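Working through the structure, step by step
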Amino acid sequence: MMPTAASKPNLFDLDRAGLARFFTDIGEKPYRATQLMGWVYHEGVRDFEAMTNLGKGLRAKLAEHAELQLPEMQVEQRSKDGTRKWLLKMAGGNAVETVFIPEAKRGTLCISSQVGCTLDCTFCSTAQQGFNRNLTAGEIVAQVWYARHMLAKEAAETGRERIITNVVFMGMGEPLSNFDQATTAVSILLDDFGFGLSKRRVTISTSGIVPRIDELRETTDVALAVSLHAPNDALRDQLVPLNKKYPIAELLDACRRYLADKSQRTTITWEYVMLDGVNDSDANARELAKILTDIPSKINLIPFNPFPGTAFKRSPNARIQRFADILVARGCMVTTRRTRGDDIDAACGQLVGRVDDRSRRAQRMEKHREEATIMPLKKMRVNRAQATPHA
Ligand code: SF4
């Protein structure tokens, strides 16, 4: 069906298969999809008129029936350690954050998949923002497109080239709660006509939605990271409330299945935020090593980055080292994440964006506010009634 001018599709939302269908729908050959992707993702061109190998008639047709819409970049922050953070304004007035972390041999871009998050992990600043909506595939891909564009611009100014080698879905949101859009975005990231990243260099990070891990296994081959943060259900129930629905044993089974399927999926990365006096004891480390014994794993210890209003504190460095030593002594592969970009609040777990909260939490708070205004009236009546017998 030919798209109407009123409902122009944003071509950033479509992977190669989707674009081929779009071109067929407007009466063109499906191979035009790869030509368009070449312009958009390899040349960084968004203006149909500049796509000179498409022919004048097709360019006019594209302008009439489609658009290449990107969010607006509102703020760029540059950390003294080279980390970059961009605030991107999404349709509807919300904003999400995207962070680039340069290292000696690689550059990792941490992208967001939702405006806010519904999952309420107690140590996470995004959770405090509530939830507004899922991002579209185009809005997810746009973060990579923008970052690459901004880094190229910066390289032209400074002569210092910085390349995105890895993309991790570890920004705002739970990507598996936005499954279709996140996996369409992944398809564009991996496509040679898209960003051409290797499967091992794209990581989906989940807090553990078990059925969606199985679905992901059927859909794509990217690396999987799991926000674990606790070695037993009693503790994880408190830190990651989703654990009450999908407890650790079920989560570990899903991860075993994820690795069993394809030989190129070799390890699961376990994210473990180090919270002082909460999940960082010797016993916790021993228990963690034990539950992961039969799963090829990398454990990523993340020193907690405090944010306003949180009661959690970062584990001291000596404690983190001791925790790591216990794991290593039990044969685990362990890395401790260096804190990057904390002078611009870009460190892990600090992303907040701007979220017009539409979650049930917001409705609850709205109800509390209403009750707070009604309550004094009710109380006054009760007090008068109570006062009468004593009068
Ligand atoms: S840690 Fe991830 S899944 Fe949990 S609330 Fe934060 S963004 Fe959502």
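Our subject in this report is the structure included herewith. Predicted model, so just to flag it, every value in this text is computed and none were measured.

Digging into the side chain of Arg133
Positionally, Arg133 belongs in strand S6 (residues 131–134). A relative accessible area of 19% means that Arg133 is categorised as buried. For Arg133, the side chain forms a polar contact with the main-chain oxygen of Ala91, separated by 3.0 Å. Separated by 2.9 Å, the side chains of Arg133 and Glu139 make a polar contact. The contacts of Arg133, once residues within four sequence positions are left out, are Met90, Ala91, Gln114, Val115 and Glu139.

Regarding the site of the ligand
Looking at the ligand, the residues that line it are Cys117, Leu119, Asp120, Cys121, Cys124, Ala127, Gly173 and Ser207. Considered class by class, the residues forming the shell around the ligand number 5 nonpolar, 2 polar and 1 charged.

Description of the sheet that holds strand S11 (residues 297–303)
Overall, mixed pairing links the 10 strands, which are arranged S1-S2-S3-S4-S7-S8-S9-S10-S11-S12 in an open sheet. This sheet does not close on itself; its edge strands, each paired only once, are strand S1 (72–78) and strand S12 (333–336). Each adjacent strand pair in this sheet contributes to an overall mean axis angle of 20°, direction not counted. Across 4 bridges, the pairing between strand S8 (residues 202–206) and strand S9 (residues 223–227) is parallel. What sits directly across from Thr203, in S9, is Ala223.

Here is what the cut-offs are and how they apply
Residues numbered from 1 in each chain as written. Predicted model: local features only at pLDDT ≥ 70, side-chain atom pairs only at ≥ 80, totals over all residues. Heavy atoms only, no water. Helix = DSSP H or I, 4+ residues; strand = E, 2+ residues; numbered from the N terminus. Buried < 20%, exposed > 50% of the residue type's maximum accessible area, 1.4 Å probe, protein only. Polar contact = N/O pair within 3.5 Å; in protein donor to acceptor, adjacent residues only side chain to side chain. Contact = heavy atoms within 4.5 Å. Near = heavy atom within 4 Å. Nonpolar A, V, L, I, M, F, W, Y, C, P; charged D, E, K, R; others polar. Pairing = 2+ DSSP bridges. Axes fitted to C-alpha atoms, helices over the stretch in contact; angles between N-to-C directions.

Keep in mind these numbers describe shape, not what the thing actually does.
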